[in-house]
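# Descriptive structure summary
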Amino acid sequence: MVGNNLAGGVVNIAGYRFVPLPDRDELRQPFRDICETLGLAGTILLSHEGINFFLAGSRESIDSYLDFLARDQRLADIPLKVSYSDTQPFRRILVRLKNEIISLGMPEISPADFTGEELTPQHLKAKLDADEDVVVLDTRNGYEIRIGTFENSVDLNISSFRDFPDAITNLPEEMKEKEIIMFCTGGIRCEKASAVMLNAG
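In this report, we go over the structure that sits alongside the text. This one's a predicted model, so the numbers in the text were calculated from it and none came from an experiment.

On to the packing of aromatic side chains. Per the stated rule, a full pass over the model turns up six aromatic pairs. When the centroid spacing of 5.4 Å and the interplanar angle of 75 degrees are considered together, the rings of Phe53 and Tyr65 count as edge-to-face. Here Tyr65 lies in helix 2 (residues 59-70) and Phe53 lies in strand 3 (residues 50-57), a separation of twelve residues in the sequence. On the accessibility criterion, Phe53 (0% relative accessible area) is buried. Arranged with centres 4.8 Å apart and planes meeting at 85 degrees, the rings of Phe150 and Phe183 form a pair that is edge-to-face.

Looking at the element boundaries, Ser47 is found in strand 2 (residues 41-47). According to the relative accessible area criterion, Ser47 is buried, its value standing at 0%. Among the polar contacts made by the side chain of Ser47, one reaches the main-chain carbonyl oxygen of Lys98 at a distance of 3.5 Å. Not counting the four nearest positions on each side in its chain, Ser47 is found in contact with Leu21, Arg24, Lys98, Asn99, Glu100 and Ile101.

Ordered in space as 4-1-3-2-5, the five strands form an open sheet in which the pairing is mixed. Edge positions in the sheet fall to strand 4 (80-85) and strand 5 (93-98), since each has one partner strand and no second. Averaged over all pairs of adjacent strands, the angle between their axes in this sheet comes to 10 degrees, without regard to strand direction. Relative to strand 4, strand 1 (residues 10-18) runs antiparallel, the two sharing six bridges. Its bridge partner lying in strand 4, Val11 is registered against Tyr84. Across the face of the sheet, helix 1 (residues 24-38) comes into contact with strand 2, strand 3 and strand 5 while running at roughly 170 degrees to strand 5. Of the strands in this sheet, strand 1, strand 2, strand 3 and strand 4 touch helix 2, which is tilted by about 160 degrees from strand 3.

The rules behind the values
Residues numbered from 1 in each chain as written. Predicted model: local features only at pLDDT ≥ 70, side-chain atom pairs only at ≥ 80, totals over all residues. Heavy atoms only, no water. Phe/Tyr/Trp six-rings, centres within 6.5 Å; stacked < 30°, edge-to-face > 60°. Helix = DSSP H or I, 4+ residues; strand = E, 2+ residues; numbered from the N terminus. Buried < 20%, exposed > 50% of the residue type's maximum accessible area, 1.4 Å probe, protein only. Polar contact = N/O pair within 3.5 Å; in protein donor to acceptor, adjacent residues only side chain to side chain. Contact = heavy atoms within 4.5 Å. Pairing = 2+ DSSP bridges. Axes fitted to C-alpha atoms, helices over the stretch in contact; angles between N-to-C directions.

Here's what the structure looks like:
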């Protein structure tokens, strides 16, 4: 359940999970129906590799949507990013069937089976404060990086996440001997990116 908002009457949530969904096609209509019934707007991406959603509505409607998710053990307790707004940021509800919930174009990469270790912000701060010899790698595109990034982070100069696998082939060989810490906007790209990096040695 999401907490009470102090400002703004609309609750915005974003969440994802890499989990096998062989019944992806059958899930589309129930997701559309529940969102329409609850008056939620936004986008839900359903893939055989998992789910990714950005939704907005009243707190009661969001809580009911989370109850709906919890009925499927595969989708229960998905970590959420929560924010609040005065107005509805989306015009309608879209439930889309996709090959991937974040497009990479490498079907052999399955974060549900194999991905890197997750690091908390506090753990990362401790490493940076201690001047540990780590590489901080930004997996985002040029537009996002222009908005802001970590000092001394590595910019791969990519315009799309699909460019990531090729971009890492140009990284210096000595980087393989260091701990590499990646970041993105919500975590979803890093889960895939870490699997690509581990496969690449």
